[in-house]
Amino acid sequence: MTSEIISSKELKKMDPVFGQYSFDDHEQIVFCNDKDTGLKAIIGIHNTVLGPALGGTRMWNYANEWEALNDVLRLSRGMTFKSAVTGLNLGGGKAVIIGDAKTQKTPELMKRFGEFVHSLSGKYITAEDVGMTTEDMDTVREVTPYVTGISESKGGAGNPSPITAYGVFMGMKAAAKFQFGSDVLEDKNVFVQGIGNVGEALVEHLVNEGANVTISDISQDRLEEVRSKYGATVYGGDDIYSEDMDIYAPCALGATINDDTIYKLKAKIVAGAANNQLADEKSHGLILQERGIVYAPDFLINAGGIINVYAELENYDRQEIMRKTENIYNTTLEILDNAKVNNLTTHNAALNVARERIETRKRENLK
Ligand SMILES: NC(=O)c1ccc[n+]([C@@H]2O[C@H](COP(=O)([O-])OP(=O)(O)OC[C@H]3O[C@@H](n4cnc5c(N)ncnc54)[C@H](O)[C@@H]3O)[C@@H](O)[C@H]2O)c1
């Protein structure tokens, strides 16, 4: 964007917020700006019918503000459906902070962000996402109670990533049961793209099960660490999408299933942790279906993290967290079966379940 004044005629053409495809009926979007700390953040509140909008904060060096806005809109919408399909009494929201988490994140910036969260009086509750740690959430907790994902020593449920990974593993096994007739992943060739907090924990489950695991990451240090810990194979090529594999597990950022990659994919299953894996959920969901590739919907199988932080609000224990997360296996299988019977994309079948729950609650609220 330039700093020139844009004519109202030009502005009309842009439809910058309500006109975005990803806007999809958001209830509220909050732009947060603080010159002193350098904070530039956007909070997206998509839907609060089932409860307060809970979703993590991502700090990322976006190329521009449009990219940040689009990301927060897509992510907060995804949270609505994630909590709804998982059966949690939570709405969907998300926040993004524009900047480099390694060099621009300070306690002052996080506190200022927390104050903006607080100003929403609990309508939005934050947690960690990419670029955030439990320590950052502890800092936010100093200025607002509307934060989850804080350290266990401070009464929180701790790092949600291992639970997310367990849920993804369960969803992957369900997809294998559906596609191959068995949920045993031994000897299956699984590519894990992105071996950060979730990816690494997923690799551990897969290796323990006897799968042949190949890993890729933009960080050589991570690759070396995870390779030496678990004996996974480091991907040496330059086009992961064209490789022979049984299962592709996207665990880095979203939109890796797109026009450039979708026809190259040789995997029989896509099941990973990344949010918004389909660049265009309608067309790409359909192409995967037509190509016989089973897609385990991201917002369904990566719900372990939200189940974990929800425990902080509902006071349930680790056993209950694990039980709820393990149940992702059953929900995934039901949704894959439902999609087959009704000739729907798996993404749409999961969306329908989520939407039905929201509509039912809306009707109940009107009584
Ligand atoms: N942490 C959770 O509990 C949780 C819950 C739900 C969804 N998710 C989603 O799962 C994904 C991973 O989350 P995380 O917490 O592990 O993040 P993370 O930041 O710890 O890990 C991401 C990893 O991906 C790597 N990466 C980035 N771009 C890449 C690329 N082009 N190719 C290969 N690797 C690349 C990074 O180097 C990093 O190692 C994110 O999309 C996140 O939104 C996470």
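Labelled according to an unreviewed UniProt entry, the protein appears under the name Glu/Leu/Phe/Val dehydrogenase, originating from Winogradskyella marina. In its Sequence similarities (unreviewed entry) section, the UniProt record describing the protein reads: "Belongs to the Glu/Leu/Phe/Val dehydrogenases family."

Visitor: I tried to follow the pattern of salt bridges on my own but got confused; where do I start?
Guide: It is possible for side chains bearing opposite charge to pair when their charged atoms get close. Considering all chains together, one arrives at 21 salt bridges under this definition. The shortest N-O distance in the salt bridge between Glu115 and Arg112 comes to 2.8 Å. Taken together, the residues Glu115 and Arg112, both in helix H3 (residues 107-118) and three residues apart, mark about one turn of the helix. Judged by relative accessible area, which is 37%, Glu115 ranks as partly exposed. Here Lys362 ties to Glu359 by a salt bridge, and the two come within 3.6 Å at their closest N and O atoms. Pair noted here: Lys362 and Glu359 are both in helix H13 (residues 346-366), with a separation of three residues, about one helical turn. Overlapping salt bridges, with partners in common, bring together Arg58, Asp71, Lys94 and Asp129 in one network.

Visitor: Explain the site of the ligand to me, please; I cannot follow it from the model alone.
Guide: The environment of the ligand is made up of 20 residues, and the closest members are Arg58, Thr164, Val198, Asp217 and Ala252. The separation between an oxygen atom of the ligand and a polar side-chain atom of Thr164 is 2.7 Å. Between the ligand and the protein, one listed contact pairs an oxygen atom with a side-chain N or O atom of Asp217 at 2.6 Å. Taking 830 Å² as the accessible area of the ligand by itself, protein coverage stands at 80%. Class assignment for the residues of the shell around the ligand results in nine nonpolar, seven polar and four charged.

Visitor: For this particular structure, what's the right way to read the nonpolar core?
Guide: The tendency in soluble globular proteins is for nonpolar side chains to be buried side by side. Met172, Val192, Leu202, Val203, Leu206 and Ile215 are the most contacted members of the largest nonpolar core, which totals 67 residues. By residue number, the principal contributor to this core is helix H5 (residues 161-180), which donates ten residues. Ile43, Met59, Val117 and Leu120 belong to the second largest nonpolar core, which has 22 residues in total.

Visitor: Please clarify how the sheet that holds strand E7 (residues 189-193) should be interpreted in this entry.
Guide: As a general point, the strands of a sheet are linked pairwise by backbone hydrogen bonds and lie either parallel or antiparallel. Taken together, the six strands give an open sheet; going across it, the order is E9-E8-E7-E10-E11-E12, and neighbouring strands pair in parallel fashion. Two strands bound the open sheet, and with one partner strand each, they are strand E9 (233-234) and strand E12 (294-295). Two elements, E7 and strand E10 (residues 247-250), share four bridges in a ladder whose sense is parallel. Counterpart to Gln193 in the pairing with E10 is Pro250.

Visitor: Explanation requested: the pairing of strand E4 (residues 57-60) in the structure shown.
Guide: Regular strands place their side chains on alternate faces of the sheet. Pairing between E4 and strand E5 (residues 91-98): four bridges, direction parallel. For Arg58, the partnering residue across the bridge sits in E5 and is Val96. Handedness of the crossover joining E4 and E5 through helix H2 (residues 65-86): right-handed.

Visitor: Looking at this structure, I do not really get the packing of H5 against helix H6 (residues 197-209). What am I missing?
Guide: Angle between the axes and distance between the axes: these two values describe a pair of packed helices. Their axes nearest at 8 Å, the elements H5 and H6 cross at an angle of 50°. One finds that H5 runs oblique with respect to H6. By crossing handedness, the relation of H5 to H6 is classed as right-handed. Residues Ser161, Pro162, Thr164, Ala165, Tyr166, Val168, Phe169, Met172 and Lys173 of H5 form the contact with H6, whose participating residues are Asn197, Val198, Ala201, Leu202, His205, Leu206 and Glu209. Residues belonging to the contact of H5 with H6 are distributed by class as follows: ten nonpolar, four polar and two charged.

The rules we used
Residues numbered from 1 in each chain as written. Predicted model: local features only at pLDDT ≥ 70, side-chain atom pairs only at ≥ 80, totals over all residues. Heavy atoms only, no water. UniProt positions renumbered as here; feature names shortened; annotations may be inferred. Salt bridge = Lys/Arg side-chain N within 4 Å of Asp/Glu carboxyl O. Helix = DSSP H or I, 4+ residues; strand = E, 2+ residues; numbered from the N terminus. Buried < 20%, exposed > 50% of the residue type's maximum accessible area, 1.4 Å probe, protein only. Near = heavy atom within 4 Å. Polar contact = N/O pair within 3.5 Å; in protein donor to acceptor, adjacent residues only side chain to side chain. Areas by Shrake-Rupley, 256 points an atom, 1.4 Å probe, with all protein chains shown as cover. Nonpolar A, V, L, I, M, F, W, Y, C, P; charged D, E, K, R; others polar. Core = buried A, V, L, I, M, F, W, Y, C linked by side-chain atoms within 4.5 Å. Pairing = 2+ DSSP bridges. Right-handed = clockwise from strand over helix to strand, strands pointing away. Axes fitted to C-alpha atoms, helices over the stretch in contact; angles between N-to-C directions. Parallel < 35°, antiparallel > 145°, perpendicular 65-115°, else oblique. Left-handed = near helix turned anticlockwise from the far one by under 90°. Contact = heavy atoms within 4.5 Å.

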